[in-house]
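Residue strings, one per chain:
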Amino acid sequence: MTKKIEIKNLNISYGNKIVVKNLNLDIFQNEVLAIIGPANSGKTSLLRSINRMTDFNNEVKVEGKILLDGLDIFEDEDSTFLRRRVGMVSPLPVGLPMSIKDNVTYAPRMAGCKDKAELDFILEDCLKKAALWDEVKDRLDHLATKLSGGQQQRLTIARALSHHPEVLCLDEFSIAIDPVTTMKIEAVLHELKKDLTIIMVTNVINQAKRLGDRTAMMLNGEILDLNINQKIFSGEINDKRTKDYIEGVFG
Amino acid sequence: MFNPSIHLLNKEIREKNFKNALSMVTFFLFLPALGIIFWLFIKGYPALSWDFLTLDPINGMTAGGIFPTIVGTFWLVMISVLVSCPLGVLAALYLSEYAKDGKLTRIIRLAILNLAGVPSIVHALFGLGAFVLFMKMGTSILAASFTLAVMNLPVIITSTLESLKAVPHSFREASWNVGASKLQTIRYIVLPNSLPGILTGVVFAVGRSAGETAAILFTGVAFYLPFLPQTVFDQCMTLSMHLFTISTQVVGVPVSYPYATALVLILLILSVNSVAVVLRTYFRTKRKW
């Protein structure tokens, strides 16, 4: 298996609070890596450093190396191209204050695409992938901010797919969606796996079990356990805390 | 069945009294505004006519109209807004979207706050030193406008900062997240959604500068000019200064003249402000989130 992302000795800190400690992690091409763990264990910070959203927060300090296809992502001054390659879905849905159509075509337009036919294709394609097309196809001109929370979350996913990322980071994407839609999107993610590498932070352990190829357990900025799902969910666990967390004893 | 105790009944009465007290206070705040306009209208009514608005002052400003002062006010306000608006908005954009929260930024913010607290007569002295003398503009519309612009800058910067802050940070993050640059995010997300607030701030600044007297005192306003300003390097008359002049400096002005002048000035400012209010209400109904 080819390594898509290699994280080497990654340290992330806010002021003097260290949130990720000396973390090493390889993520393979076309796998779904689920990251579980209780709140405040550095999962979100880890995701945000992978597409350098940490750049926008002056208090965050990121040290170490992250290689995408073998190249250091921190080397380039301009990180916008990186963010097109590494898509991100945040836990709380954000519909940009514009029409549904403009939301989904926002990324390609910002990348300079003006071809109307191509934009229309991206619009339909991404909305279908995010299981939203049928609900909004008749009102693509409506304001995205007026959609329901669950619809906005799927819109966020559609938007993250619109710039054809190679890696998709999902940060607790199902927090605002009902179970039925969650299953729809999970099915979609299963399909997308063919073309994408997916990193998924989740609080739902069953979701990690269903979707992940491998699952990592994070606690206090460290990875306690990392193994293929068959092993981790059949009890082949090194750390007792992981076992407790999965079995619901703590967390 | 639920029976309210004596405590609950007392609570209800207190609630009612408090609400009434608040509405009384609010009502009394409304009275002076209405009273001023009413009084000015009663006292100034005899002088009000089309001629009053469109003729030059004659006979040593004891007769005629106030046309040149309206023209002068218009010039000063227009040029000062043209200067302060772009500068203020750009400065606010930098402070809000780019500046890191360091020592320097905090000093700049503090300076802006202090600038807003500087008395206008001090601005006038600054304008005299900086624009009239140092930049050799002379006492002119240009120098007076620049002085007004400096005075308006903190107002525009502060109101623009507020409007920028009103755009949720999550919108910016969502935009950055899909690979839009900072500039694109400002252009397509931040500015379109804060424009109503920015406009409102600018329009209020216009109203403020239309009534300003002290700040333009040494920099470009004249007691009396027999001609209209031809270029920006001429002096001009303004409504506010004219009001001061005919109320205190000239003998033999009909009583109704200062009142009518004040009325015109106040109505001008009110109409500008109501444009701001209308703009704000209009955009609020079109608010996108």
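Use the structure listed above.
Residues numbered from 1 in each chain as written. Chains lettered and ligands numbered in written order. Predicted model: local features only at pLDDT ≥ 70, side-chain atom pairs only at ≥ 80, totals over all residues. Heavy atoms only, no water.

Enquirer: I'd love a proper account of unusual backbone geometry, names of residues and values included.
Expert: Residues and elements named next belong to chain A. Backbone geometry at Asn22 places phi at a positive 40°, although glycine is not the residue there. With respect to the element layout, Asn22 can be found in strand β2 (residues 17–28). With phi around 60°, Asn30 is a residue other than glycine that occupies positive phi space. Tracing the chain through its elements places Asn30 in the loop between β2 and β3 (32–36). (Helix = DSSP H or I, 4+ residues; strand = E, 2+ residues; numbered from the N terminus.)

Enquirer: Got a sec to walk through the interface of chain A and chain B? Specific residues and values, please.
Expert: Across the contact, 22 residues belong to chain A and 22 residues belong to chain B. For the chain A face of the interface with chain B, the top three residues by lost area are Phe56, Pro97 and Met110 of chain A, together amounting to 29%. At the boundary of chain A and chain B, one finds one salt bridge. Here Glu173 of chain B and Arg48 of chain A are joined by a salt bridge, their closest N and O atoms 3.0 Å apart. (Contact = heavy atoms within 4.5 Å. Buried area = accessible area lost by both parts, 1.4 Å probe. Salt bridge = Lys/Arg side-chain N within 4 Å of Asp/Glu carboxyl O.)

Enquirer: How would you explain the side chain of Thr238 of chain B if you had to name every residue and give the values?
Expert: All names here are of chain B. With respect to the helices and strands, the residue Thr238 is situated in the loop between α8 (182–210) and α9 (239–248). Judged by relative accessible area, which is 2%, Thr238 ranks as buried. Of the polar contacts made by the side chain of Thr238, one reaches the backbone nitrogen of Met241; its length is 3.2 Å. Aside from chain neighbours lying at most four places away, what touches Thr238 is Thr69, Gly72, Thr73, Leu76, Ile216 and Val221. (Buried < 20%, exposed > 50% of the residue type's maximum accessible area, 1.4 Å probe, protein only. Polar contact = N/O pair within 3.5 Å; in protein donor to acceptor, adjacent residues only side chain to side chain.)

Enquirer: I'd like a description of the sheet that holds β2 of chain A, backed by residues and values.
Expert: Residues and elements named next belong to chain A. Sheet architecture is open: four strands sit in the order β2-β1-β4-β5, paired in antiparallel fashion. Strands at the two margins of the open sheet, each flanked by one partner only, are β2 and β5 (71–72). The pairing of strand β1 (residues 3–14) with strand β4 (residues 60–68) spans eight bridges and is classified as antiparallel. Each bridged residue has a counterpart across the sheet, and for Asn11 the counterpart in β4 is Glu63. Contacts from helix α1 (residues 43–50) reach β1, β2 and β4, with the element oriented near 120° to β1. (Pairing = 2+ DSSP bridges. Axes fitted to C-alpha atoms, helices over the stretch in contact; angles between N-to-C directions.)

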